[in-house]
Amino acid sequence: MTKRAFITGIGGQDGWYLAQILNEKGYEVHGLTRRPLDDEVIGDGVPASDRLAAHLHFGDLTDSSNIARLVREIAPDEVYNLGAQSRVAASFHAPLYTASVDGLGTLRVLEAIRLSGLVDRTRFYQASTAELFGKVSQSPQSETTPFYPRSPYAAAKLFSYWTTVNYREAYGMFACNGVLFNHDSPRRGKEFVTRKITSGMARISVGLQRSLSLGNLDAKRDWGHAADYVRMQWLMLQRDAPADYVIATGEQHSVRDFVTWAAAALGIEIRFFGSGVDEHGIAAHVVGEAAAHVKQGDILIRVDPRFFRPTDVVDLVGDPGRALNELGWSPLVTARDMCAEMVASDLAVARRDARHIPSEG
Ligand code: F7E
């Protein structure tokens, strides 16, 4: 029997990687998306929409009746609730919308499953987040670490986490939380710091941009690769019994480290001087193609307080021990290798863009 999966947020980074895996496993894949799939051409030259064999359904998580109809009609074996307003900084500007999508949206999907009489059939995965740990009380963070959300995004996700647990306990639903630490890839949106850095540095290296402005360079994250993390999302729903898992690499790096790696992958050695808003990243040594556009002493990185958050989460690192012990999962890609992959992809795009800019005179 062909299994049917329903992915909310199929148009996002994780939706894309997960749909690929499910396609390979022979699932019939359905996806909810607010807009036509991303046609952004990344380094591999292929638009995301070309690679997905999925039935797309238009709508979003604020629309209860649409979700109820879709769940009833699709009658999925597995639901992956990846849809979200996932930008933490934006959630401070749009807290009510964020609460509706990231909090109530989960309840809408769970209720649709319950009211369609699918509680015994449909397995449910909730995209929970390391942002739940927020102002952390212990390091590394595991399945037993207390939550302390620090943004409207995290507060909404807290509601979804506990709602998922409650549907498991109240109705016996196979419902799981994956508490995922940051996971990125060449398909990450440019509003997230990793892709902002790899895209910005690639553009600097080909002369399309002079410098890059960032916020808190001291923030530390546990970065993994999205392709590794969606494997774990699928694995969680194949267990005999539902449970919640932390998904992380166990390694922590700062935003400043990530900038240094991205620059190094482009032949630029960056050194940081100054502190706070006066900190600068300066090109100390440049080799290869970048040397045509970047000179020693150029200021490449600036700090702009516009990118600070009213309350930030500054010190995340996960303990993926349970995922390893119970599911045999461990990440294959390190943060630094992921950074190199993202730089290579963004460099291909920047070179294409540079060729299309008519030269002066
Ligand atoms: O920020 C700092 C920023 O926006 C990482 C989402 O997938 O992962 C993601 O949330 C850190 C923060 O991701 C800039 O202050 C410095 O401390 O890449 P980010 P995030 O907020 O960690 C979690 C697990 C999720 O669940 C979320 O949905 O980097 N930072 N300068 C900056 N961040 C951004 N965006 N832009 C900057 O210029």
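Visitor: How do you make sense of the overall build of the protein when you look at a structure like this?
Guide: Looking only at helices and strands, one finds ten helices and 15 strands in the protein. The globule rule puts the C-alpha radius of gyration for 361 residues at 21 Å, and the 21 Å found for the protein is close to it. For the protein, the C-alpha atoms occupy an extent of roughly 65 × 45 × 40 Å along the three principal directions. Counting the 361 residues in the protein, one finds 51% classified as buried. Only carbon and sulfur atoms are counted for the fraction: they give 51% of the accessible area of the protein, which is about 15,600 Å². Of note, the protein has its 39 positive side-chain charges centred 2 Å away from the centre of its 43 negative side-chain charges.

Visitor: Is there a simple way to think about the packing of helix 2 (residues 64-74) against helix 4 (residues 95-115) in this case?
Guide: What describes two packed helices is the angle between their axes and the distance between those same axes. Running from N to C, helix 2 and helix 4 point in directions that differ by 40°, and their axes come no closer than 9 Å. The pairing of helix 2 with helix 4 is recorded here as oblique in orientation. Considering how the two elements wind past one another, helix 2 and helix 4 form a crossing that is right-handed. Here Ser64, Ile67, Ala68 and Val71 of helix 2 come into contact with helix 4, specifically with Arg108, Val109, Ala112 and Ile113. Tallied by class, residues from the contact of helix 2 with helix 4 come to six nonpolar, one polar and one charged.

Visitor: I tried to follow the site of the ligand on my own but got confused; where do I start?
Guide: In the region of the ligand, 22 residues are neighbours, and Ser86, Thr129, Tyr153, Arg309 and Asp312 sit closest. One of the side-chain N or O atoms of Arg188 is found 2.8 Å from an oxygen atom in the ligand. Here a nitrogen atom of the ligand sits 2.9 Å away from a polar atom, N or O, in the main chain of Glu191. Protein chains bury 95% of the 700 Å² of accessible surface belonging to the ligand in isolation. Here the residues of the shell around the ligand are counted per class, giving ten nonpolar, five polar and seven charged.

Visitor: What am I meant to see in the nonpolar core here?
Guide: When a protein is soluble and globular, its nonpolar side chains tend to lie buried together. Core analysis: the biggest nonpolar cluster contains 34 residues, and Ile197, Met201, Phe258, Ile268, Ile270, Leu300 and Ile301 have the highest contact counts within it. Broken down by secondary-structure element, the contributors of at least two residues to this core are helix 6 (193-205), strand 8 (212-214), helix 8 (255-265), strand 13 (268-273), strand 14 (280-286), strand 15 (299-303) and helix 10 (335-356). Of the residues forming this core, the biggest block, seven residues, is contributed by helix 10. Other than its neighbours up to four places away in sequence, Ile197 contacts Leu212, Leu214, Val255, Phe258, Val259 and Ala262.

Visitor: Help me understand the sheet that holds strand 3 (residues 55-58) in this model?
Guide: Through backbone hydrogen bonds, the strands of a sheet pair up, either in parallel or in antiparallel fashion. Strand order across the open sheet formed by seven strands is 3-2-1-4-5-6-11, with parallel pairing between neighbours. Edge positions in the sheet fall to strand 3 and strand 11 (245-247), since each of these pairs with one other strand and no more. Adjacent strand axes in the sheet meet at a mean angle of 20°, parallel and antiparallel pairs treated alike. Sheet topology places strand 1 (residues 4-8) next to strand 2 (residues 28-33); five bridges connect them, and they run parallel. Considered in strand 2, the bridge of Arg4 is made with Glu28. Strand contacts of helix 2: strand 1, strand 2 and strand 3, with the helix running at about 165° to strand 1, the strand carrying the most contacts.

Visitor: Which parts of the structure should I look at to understand the packing of aromatic side chains?
Guide: When we look at a pair of aromatic rings, we describe it by the centre distance and by the angle of the planes. Scanning all chains against the criterion turns up eleven aromatic pairs. An angle of 65° between the planes, with centres 6.5 Å apart, marks the rings of Phe147 and Trp162 as edge-to-face. Taken together, the residues span a long stretch of sequence, with Phe147 in the loop between strand 5 (123-129) and helix 5 (152-171) and Trp162 in helix 5 at a distance of 15 residues. Taking relative accessible area as the criterion, Phe147 reaches 24% and is therefore assigned partly exposed. Here Trp223 and Phe258 contribute two aromatic rings whose centre-to-centre distance is 5.1 Å and whose plane-to-plane angle is 55°, an arrangement assigned as tilted. Of this pair, Trp223 sits in the loop between strand 9 (220-221) and strand 10 (224-225) while Phe258 sits in helix 8, placing them 35 residues apart in sequence. Comparing Trp223 with Phe258 shows no difference in burial state: the two are buried. Clustering of aromatic rings is evident, with ring pairs tying together Phe133, Phe147, Tyr161, Trp162 and Phe181. When the ring centre of Phe174 is taken as reference, the NZ or CZ atom of Arg123 above it lies at 3.8 Å.

Visitor: Honestly, the environment of Ala219 in this entry has me stumped. Any pointers?
Guide: By secondary structure assignment, the location of Ala219 is in the loop between strand 8 and strand 9. Judged by its relative accessible area of 5%, Ala219 falls in the buried class. Residues Ala219 and Gly117, 102 residues apart in the sequence, show an inter-C-alpha distance of 45 Å. Ignoring sequence-local partners within four residues, the contact set of Ala219 consists of His253, Ser254, Val255, Asp312, Val313 and Val314.

Visitor: Explanation requested: the sheet that holds strand 8 in the structure shown.
Guide: Spatial ordering of the open sheet is given by 8-15-14-13, a layout of four strands whose pairing is mixed. This sheet does not close on itself; its edge strands, each paired only once, are strand 8 and strand 13. Each strand of the sheet is rotated relative to its neighbour by a mean of 25°, with strand direction disregarded. Along the sheet face, helix 6 touches strand 8, strand 13 and strand 15 and points at about 160° away from the line of strand 8. Across the face of the sheet, helix 8 comes into contact with strand 8, strand 13 and strand 15 while running at roughly 150° to strand 13.

Here is what the cut-offs are and how they apply
Residues numbered from 1 in each chain as written. Predicted model: local features only at pLDDT ≥ 70, side-chain atom pairs only at ≥ 80, totals over all residues. Heavy atoms only, no water. Helix = DSSP H or I, 4+ residues; strand = E, 2+ residues; numbered from the N terminus. Rg over C-alpha atoms; globule rule 2.2 N^0.38 Å. Buried < 20%, exposed > 50% of the residue type's maximum accessible area, 1.4 Å probe, protein only. Areas by Shrake-Rupley, 256 points an atom, 1.4 Å probe, with all protein chains shown as cover. Lys, Arg positive; Asp, Glu negative; His and termini not counted. Charge placed at Lys NZ, Arg CZ, Asp CG, Glu CD. Axes fitted to C-alpha atoms, helices over the stretch in contact; angles between N-to-C directions. Parallel < 35°, antiparallel > 145°, perpendicular 65-115°, else oblique. Left-handed = near helix turned anticlockwise from the far one by under 90°. Contact = heavy atoms within 4.5 Å. Nonpolar A, V, L, I, M, F, W, Y, C, P; charged D, E, K, R; others polar. Near = heavy atom within 4 Å. Polar contact = N/O pair within 3.5 Å; in protein donor to acceptor, adjacent residues only side chain to side chain. Core = buried A, V, L, I, M, F, W, Y, C linked by side-chain atoms within 4.5 Å. Pairing = 2+ DSSP bridges. Phe/Tyr/Trp six-rings, centres within 6.5 Å; stacked < 30°, edge-to-face > 60°. Lys NZ or Arg CZ within 6 Å of the ring centre and 35° of its normal.

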